Amino acid sequence: NTLQDKQQDIVGRVYEYFLSKFALAEGKGKGEFYTPKSIVHLITEMLEPYKGKIYDPACGSGGMFVQSIKFIESHHGNQRDISIYGQEYTATTYKLAKMNLAIRGITANLGDIPENTFYRDQHKDLKADFIMANPPFNQKQWRADDELTSDPRWSGYTVPPTGNANYAWILHMVSKLSENGVAGFILANGALSGGGDEYKIRRKLIENNLVEAIAVLLQDMFYTTNISVTLWILNKNKKARTVDQNGVIKKYRERSSEILFLDLRQLGVPFEKKYVQFSEKDIDKITGTYHNWQQTDYKKKYTNEPEFCYSASIEEVVKKDFSLVPSKYIE
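By convention here, each chain's residues receive numbers from 1 onward along its written sequence. For this predicted model, a pLDDT threshold of at least 70 governs which residues receive local features, and a threshold of 80 or more governs which side-chain atom pairs are given and counted, while totals over whole chains, interfaces and linings are taken from all residues. Where side-chain values are given, they derive from all heavy atoms of the structure, hydrogens and water being excluded.

(A) Inspection of the nonpolar core at higher detail. By size, the foremost hydrophobic cluster in this structure holds 49 residues, and its most contacted members are M46, L217, L262, L264 and F278. Judged by nonpolar contacts, the second largest core, of 45 residues, contains V174, I206, Y310 and L324. As used here, the term nonpolar core means buried Ala, Val, Leu, Ile, Met, Phe, Trp, Tyr and Cys residues forming a set that is joined through side-chain atoms within 4.5 Å. When a residue's accessible area, from a 1.4 Å probe over protein chains only, is under 20% of the maximum for its type it is buried; when over 50% it is exposed; and in between it is partly exposed.

(B) Region of interest: the packing of aromatic side chains. Planes of paired rings set the category: under 30 degrees apart is stacked, over 60 is edge-to-face and the rest tilted, where pairs are Phe, Tyr or Trp rings (Trp by its six-membered ring) whose centres lie within 6.5 Å. According to the stated counting rule, one finds 10 aromatic pairs in the structure shown. Both rings, one in F137 and one in F222, keep their centres 5.8 Å apart while their planes meet at 70 degrees; by these two values the pair is edge-to-face. One end of the pair, F137, is in the loop between strand 3 (128–133) and helix 5 (166–175); the other, F222, is in the loop between strand 5 (211–216) and strand 6 (229–235), with 85 residues separating them in the sequence. Measuring from ring centre to ring centre gives 6.3 Å for Y167 and W232, while their planes differ by 85 degrees; the resulting arrangement is edge-to-face. One end of the pair, Y167, is in helix 5; the other, W232, is in strand 6, with 65 residues separating them in the sequence. Accessibility classification places Y167 together with W232 in one group, the buried group. Members of the aromatic cluster, joined through ring pairs, are F118, W142, W154 and W169. Here the basic side chain of R253 rests over the ring of W293, its NZ or CZ set 5.2 Å away from the ring centre. Geometrically, a charge over a ring is one whose NZ (Lys) or CZ (Arg) sits within 6 Å of the ring centre while staying within 35 degrees of the ring normal. The ring of F308 is capped by K285, whose NZ or CZ atom sits 4.3 Å from the centre of that ring. Only DSSP runs of H or I reaching four residues or more are called helices, and only runs of E reaching two or more are called strands; each is numbered from the N terminus.

(C) A look at the packing of helix 2 (residues 37–47) against helix 7 (residues 280–294). Relative to each other, helix 2 and helix 7 sit at 30 degrees, their axes nearing to 10 Å. The angle between helix 2 and helix 7 places the two elements in the roughly parallel class. Once helix 2 is placed against helix 7, the crossing between them reads as right-handed. Counting all contacts with helix 2, which are made through S38, H41, L42, E45 and M46, the residues of helix 7 involved are E280, I283, I286, T287, Y290 and H291. Residue type decides the class: Asp, Glu, Lys and Arg count as charged, Ala, Val, Leu, Ile, Met, Phe, Trp, Tyr, Cys and Pro as nonpolar, and the leftover types, Gly among them, as polar. Counted by class, the contact of helix 2 with helix 7 contains 5 nonpolar, 4 polar and 2 charged residues. Note on definitions: angles span 0 to 180 degrees between N-to-C directions of axes, and those axes are lines fitted to C-alpha atoms, for helices only across the stretch in contact. For classification, angles of less than 35 degrees are called roughly parallel, those exceeding 145 degrees roughly antiparallel, those between 65 and 115 degrees roughly perpendicular, and all remaining angles oblique. Handedness of each helix crossing follows the sense of rotation of the near helix against the far helix: counterclockwise by less than a right angle gives left-handed, clockwise gives right-handed. Note on contacts: a residue pair qualifies if any of its non-hydrogen atoms lie within 4.5 Å across the two residues.

(D) Spatial organisation of the side chain of Q295. Structurally, the position occupied by Q295 is in the loop between helix 7 and helix 8 (298–301). Each polar contact in these results corresponds to two N or O atoms within 3.5 Å; when the atoms are within protein, one needs to be able to donate a hydrogen and the other to accept it, and residues that are neighboring in sequence are counted only if both atoms are side-chain atoms. For Q295, the side chain forms a polar contact with the main-chain oxygen of H291, separated by 3.2 Å. Apart from the residues lying within four places of it in its own chain, the contact partners of Q295 are K250, K251, Y252 and R253.

(E) Focus on unusual backbone geometry. Of note in this structure, E48 is not a glycine but carries a positive phi near 50 degrees. Within the secondary structure, E48 sits in the loop between helix 2 and strand 1 (52–56). Notably, H76 is not glycine yet its phi reads approximately 55 degrees, a positive angle. Mapping H76 onto the fold places it in the loop between helix 3 (63–74) and strand 2 (82–86). In this structure H76 comes out as exposed when scored by relative accessible area, which is 69%.

(F) View of the packing of helix 2 against helix 3. It is at 9 Å that the axes of helix 2 and helix 3 come closest, and there the two elements cross at 55 degrees. Regarding the angle of helix 2 to helix 3, the classification is oblique. Here helix 2 runs over helix 3; the crossing is right-handed. Touching K37, V40, H41, I43, T44 and E45 of helix 2 are G63, M64, Q67, S68, K70 and F71, all from helix 3. For the contact of helix 2 with helix 3, the per-class residue count stands at 4 nonpolar, 5 polar and 3 charged.

Spatial relationships are all this shows, so hold off on functional conclusions.
Encoded structure:
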């Protein structure tokens, strides 16, 4: 590591520190730019973004990108193997993101201006290999009744309801996945079991074999809300294939008809008085479980564990009427 790299890292870490303090001080209104670091760390370790295009449709201050670069560095990959795309609606936050990336010497395409991802998608033709996001939870009235009704992003699915944007974010991300693309994103728990049009979309996502893993997180991980939230992993290709990940050969098994459910509420360590975060040990346990479950030799390495994980067949999910609530499956 050169001196310049070290200095850049120190400036970056100071910036990150102030972002978290700002999120803490500003409270409710400022959740839009800051996702707790240990959650971002977990998502990157699960998705393993070694090479290809990384995209965040609601990128806030760019935490997902910074963590992706850190992931690549810690696994001795090459930063030049990835390209970064993002979009952010709030002007101030857009500037925070540009600054956050510039400080670290990370080049990214965040669109020409801060803009609404639904109304003015600045990466229309993008197909991303990795999508990581923490979109706004339960956004009300994100479109008017007569707006965006025949948008190509919903093609093959029911149009997401006007009263809540959760499924609009999901379908937006699905439309952006490359043929082997994986998405990891955080949503409020309501999306796991909502009825009406949300039910129709969720059912179709499950039938299309896109849902790979669902993990319920602890309360009190976020500075801005204490509602319970979930990490979704969607995978465009759940079929058997062999991948060379930076010299490590990974053999994925056919798992189209399975979904991994994780309950992470027993994990976590306290910090900052009233908040919790995942420790390195927690992250190793979660990612190890997920990656072992994906591989061909999983029978040796993976077992269902009460109060922690369960691999459900699609038949079981159909029996539970397409609910994705982990506690319905995990013993």
